[in-house]
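Each chain is listed here by its residues.
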Amino acid sequence: MRTTYFCFLAMAGVLTATSVNASESSQTQPGCDHATPRQCVALALDAMGGRERLEQLKSIRLDSISHTLLMEQSYRQAPFITSYERDRTTLDLVHQRVLTEAKLTWPESDLNQSDSDATLIAGPEGGVYHAKSGDSPCAASDLDAVRETLALGPARLLLTAASASDLHFEAPEDLRSTSHAVIAFNWQHVPVRVLLNRFNHLPDAVETTQEFRDFWYFWGDVRQRIDFDNWKQVQGIVFPTNLVEERNDVVWSSTQALNVEFNVPIDDKAFAMDSTAAKQSAASPGWNRPFHAKNDTALAPGIDLFPGSWNSTIVKEPGGIVILEAPISGLYTQGVIEEARKRYPGAPIQAILSTSDSWPHTGGVRFAVAQGLPIYILDLNRPLLDRMMSAPHTLDADALENAKGSKQADWKIVSAKDERGGGENRMELFPLRGASTERQYMVYFPEHHLLYASDTLALNGDGTLYDPELMHEVAQAVQRENLKVDTVFAMHQGPMPWSKVIALLQKS
């Protein structure tokens, strides 16, 4: 679940290299001339209604509406498809807990099936998604957002700054044509910058650089700026009700609080959660998860599918090994490659096939580049993948970052039918070129009448096709290329008879 209002409140991050001067000596800053950093923060606290009022806040309830651009999805890039959300969020500042009841609208769902409800509960021990059927562990990114909210949200940001032992000024920064004072400090080893308006002293924005554990994990050191706006007087406190979040200089999400209440009653029962599920969430590795070679499926001799949330396939050819998909993370893809070498000792890894530009699908491509492996990518996806390969990963250096520029991507561009390998497991690569599949290519094994359909085939819980348009475009490409298909599989779906898929498509 995309807990948008958590990002509305989560004002923490890691700042790229700027020298730190934690002294309290006076420096000239816009609106804080001849003031120390603490005196400048005191002005900001007064502008928000006073330190005492903020310290007396015990709880906050927010009703909000938001939208998020789905940049990580494999469609046509900008302008992006947008998801929507209505949330009721309760922050228990005393016990460091958050409860969000969300109504989600997911645009990629089947028609008339886009709306869903979700409840997130999180606290110091971890977090869960709460449902009638029971609690399940929440995502690592949810926990990160909650923790930042409770320490660095609008109601606590300046108080946290005021108590920081290393509070200091950094160079003034222009925002919306106005020069701002910049105060900076570290919170739990995370440097934070706050831009204070020179005229009214309110905090107008927070700028950070951090490694996220949501879909932005794949970009390493992500630049973030959250702009505060639409300030309202609420019980004597001046509070920002609108935030616009940019990541890597692109507007990503916007959230508007429609109602703000302070010091609301807290119902402990509403925050109850399964302790086992909560602990599992706290132990989650996020996207940097390992590969486990179990429950693999032999699609044909020498073609082994390793199912998971994102599937990978090891293909043995006469000249060596081809890995079909490098998803999730460098650690995961490293595990796939190690399993391939274990199964076929001495056989070289000849190529990686990466069929989609969806970020989780390409999560291990940087590791493959660091290994110097040839990688087959679609022509339309090269600009994005070039940026992903050059993205800095200094906060948590991966294999490509450690290569320090000595490895360059060996792209093999797929722009029309392309052939890969030989023997019984030879492959043919075909761009899909559909309206919803423009950024994907499919892989056909002609000797086995076996088709890999990239990120297009998935079944709903009732056995119907998820987003039938995707498979409609695959069927069009199969007909266009005059392919004979008996079995089809995909990134999120194991092998199925092609005839069954066509029947489901006709039924839909």
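See the structure above.
One numbering rule holds for all chains: residues counted from 1, following each sequence as written. Totals for whole chains, interfaces and linings use every residue, but because this is a predicted model, local features are given only for residues with pLDDT of at least 70 and side-chain atom pairs only at 80 or more, for both listing and counting. Heavy atoms throughout the structure, all of them, feed into the side-chain values; hydrogens and water do not.

## Structural notes on the nonpolar core
Inference 1: In terms of nonpolar packing, the biggest core is built from 63 residues, with Ile323, Leu353 and Val443 touching the most fellow members.
Inference 2: Helix numbering and strand numbering both begin at the N terminus, where a helix is a DSSP run of H or I of at least 4 residues and a strand a DSSP run of E of at least 2. The element that contributes the greatest number of residues to this core is helix H8 (residues 365–370), accounting for five residues.
Inference 3: We call two residues in contact whenever any of their non-hydrogen atoms come within 4.5 Å of each other. The contact partners of Leu353, leaving out residues within four places of it in the chain, are Val322, Ile323, Leu324, Glu325, Tyr376, Arg420, Met427, Leu429, Tyr441 and Val443.
Inference 4: Ranked by size, the runner-up nonpolar core spans 52 residues in total, among them Leu152, Leu202, Leu243 and Phe262. Buried Ala, Val, Leu, Ile, Met, Phe, Trp, Tyr and Cys residues that are joined via side-chain atoms within 4.5 Å together make up what is termed a nonpolar core. The classification of residues rests on relative accessible area computed with a 1.4 Å probe and restricted to protein chains. Under 20% of the type maximum is buried, over 50% is exposed, and intermediate values are partly exposed.

## Digging into unusual backbone geometry
Inference 1: Cis geometry is found at the peptide bond from Ala78 to Pro79, where omega equals -5°.
Inference 2: Within the secondary structure layout, Pro79 lies in the loop between strand S1 (59–69) and strand S2 (82–92).
Inference 3: Even without being glycine, Gln77 reaches a positive phi, approximately 60°.
Inference 4: Mapped onto the fold, Gln77 is located in the loop between S1 and S2.
Inference 5: Judged by its relative accessible area of 17%, Gln77 falls in the buried class.

## A short note on the pairing of strand S26 (residues 493–497)
Inference 1: Between any two strands, at least two bridges found by DSSP are needed for them to pair. As paired elements, strand S25 (residues 487–490) and S26 share three bridges and run antiparallel to each other. Note that in S26 the partner of Thr487 across the bridge is Pro497.
Inference 2: Taking the residues between adjacent antiparallel strands as the criterion, S25 and S26 are bridged by two residues.

## With respect to the packing of aromatic side chains
Inference 1: Only the six-membered ring of Trp is used, alongside the rings of Phe and Tyr, when aromatic pairs are assigned; centres must lie within 6.5 Å, and planes under 30 degrees apart are stacked while those over 60 apart are edge-to-face, with the rest tilted. Across all of its chains, the model carries twelve aromatic pairs by this definition.
Inference 2: Ring centres of Trp219 and Trp359 lie 5.5 Å apart, and the angle between their planes is 75°; on these two criteria the pair is classed as edge-to-face. Taken as a pair, Trp219 in the loop between strand S10 (203–210) and strand S11 (222–234) and Trp359 in the loop between strand S18 (349–353) and H8 lie far apart in primary sequence, 140 residues in all.
Inference 3: The class for Trp359 is buried, based on a relative accessible area of 3%.

## Quick look at the pattern of salt bridges
Inference 1: Only one rule defines a salt bridge in this text: a Lys or Arg side-chain nitrogen within 4 Å of an Asp or Glu carboxyl oxygen. Evaluated as defined, the whole model comprises 29 salt bridges.
Inference 2: We note a salt bridge from Arg76 to Glu438, for which the minimum N-O separation is 3.5 Å. One end of the pair, Arg76, is in the loop between S1 and S2; the other, Glu438, is in the loop between strand S22 (427–431) and strand S23 (441–445), with 362 residues separating them in the sequence.
Inference 3: Note that Arg426 is salt-bridged to Glu447, the shortest N-O span being 3.1 Å. On the criterion of sequence distance, the pair formed by Arg426 in the loop between strand S21 (418–420) and S22 and Glu447 in the loop between S23 and strand S24 (450–452) is long-range, its members being 21 residues apart.
Inference 4: Salt bridges linked by common partners bring Arg176, Asp204, Arg225, Asp227 and Glu246 together as one network.

## Re the sheet that holds S25
Inference 1: Pairing is mixed in the open sheet, where six strands are placed in the order S21-S22-S23-S24-S25-S26. Two strands bound the open sheet, and with one partner strand each, they are S21 and S26. The average undirected angle you get between the axes of adjacent strands in this sheet is 20°.
Inference 2: Note: S24 against S25, three bridges, orientation parallel. Bridge assignment links Leu450 to a residue of S25, and that residue is Thr487.
Inference 3: Note on geometry: axes are lines fitted to C-alpha atoms, helical ones only across the stretch in contact, with angles between N-to-C directions running from 0 to 180 degrees. Taken strand by strand, helix H12 (residues 498–507) contacts S24, S25 and S26, and its axis lies near 90° from that of S26.

## Things to note about the state of the cysteines
Joining two cysteines, a disulfide is a covalent bond between their sulfur atoms.
Inference 1: Defined by distance alone, a disulfide is two cysteine sulfur atoms within 2.5 Å. Applying the stated criterion to the full structure yields one disulfide.
Inference 2: Residue pairing for Cys32: its cysteine sulfur links by disulfide to Cys40, the two sulfurs lying 2.0 Å apart. The sign of the 70° torsion about the S-S bond sets the Cys32-Cys40 disulfide as right-handed.
Inference 3: Look at Cys40 and you get buried, because its relative accessible area is 1%.

## Brief notes about helix H9 (residues 382–390)
Since there are 3.6 residues in each turn of an α-helix, residues three or four apart along the chain are aligned in direction.
Inference 1: Taken together, the buried positions of H9 are Leu384, Leu385, Met388 and Met389. Relative to the axis of H9, the buried residues are bounded by an arc of 135° and lie together on one face.
Inference 2: Against the buried residues of H9 lie H8, strand S19 (374–378), helix H10 (399–402) and strand S20 (410–414). Summarising the geometry, the arc corresponds to the directions from the helix axis toward the C-beta atoms.

## As for the sheet that holds strand S16 (residues 312–317)
Inference 1: A sheet is described by the order of its strands in space; here seven strands give the open sequence S14-S15-S16-S17-S18-S19-S20, paired in mixed fashion. The strands lining the two open edges of the sheet, one partner per strand, are strand S14 (297–300) and S20. The mean angle between the axes of side-by-side strands here comes to 25°, regardless of whether they run parallel or antiparallel.
Inference 2: With five bridges joining them, S19 and S20 adopt parallel strand pairing. Note that in S20 the partner of Pro374 across the bridge is Asp410.

## Details of the side chain of Asp467
Inference 1: Tracing the sequence through the fold places Asp467 in the loop between S24 and helix H11 (468–480).
Inference 2: Of the side chains with opposite charge, Arg76 lies nearest to the buried Asp467, which makes no salt bridge, at 12 Å.
Inference 3: Contact partners of Asp467, with chain neighbours within four places excluded, come to Tyr75, Glu108 and Asp110. Note that His is not counted, nor are the chain ends; the positive residues are Lys and Arg, and the negative ones are Asp and Glu.

## With respect to the environment of Leu57
Inference 1: The topology assignment puts Leu57 in the loop between helix H3 (51–55) and S1.
Inference 2: Placed 206 residues apart in sequence, Leu57 and Asn263 show a C-alpha to C-alpha distance of 6.0 Å.
Inference 3: Look past the residues within four positions of Leu57 in its chain and what remains in contact with it is Leu93, Ala155, Arg156, Ile237, Phe262 and Asn263.

## Overview of the pairing of S1
Inference 1: Counted residue by residue, S1 has nine buried out of eleven residues, so it is predominantly covered.
Inference 2: In this structure, S1 lies alongside strand S13 (residues 250–262), joined through nine bridges in antiparallel fashion. Counterpart to Thr68 in the pairing with S13 is Ser253.

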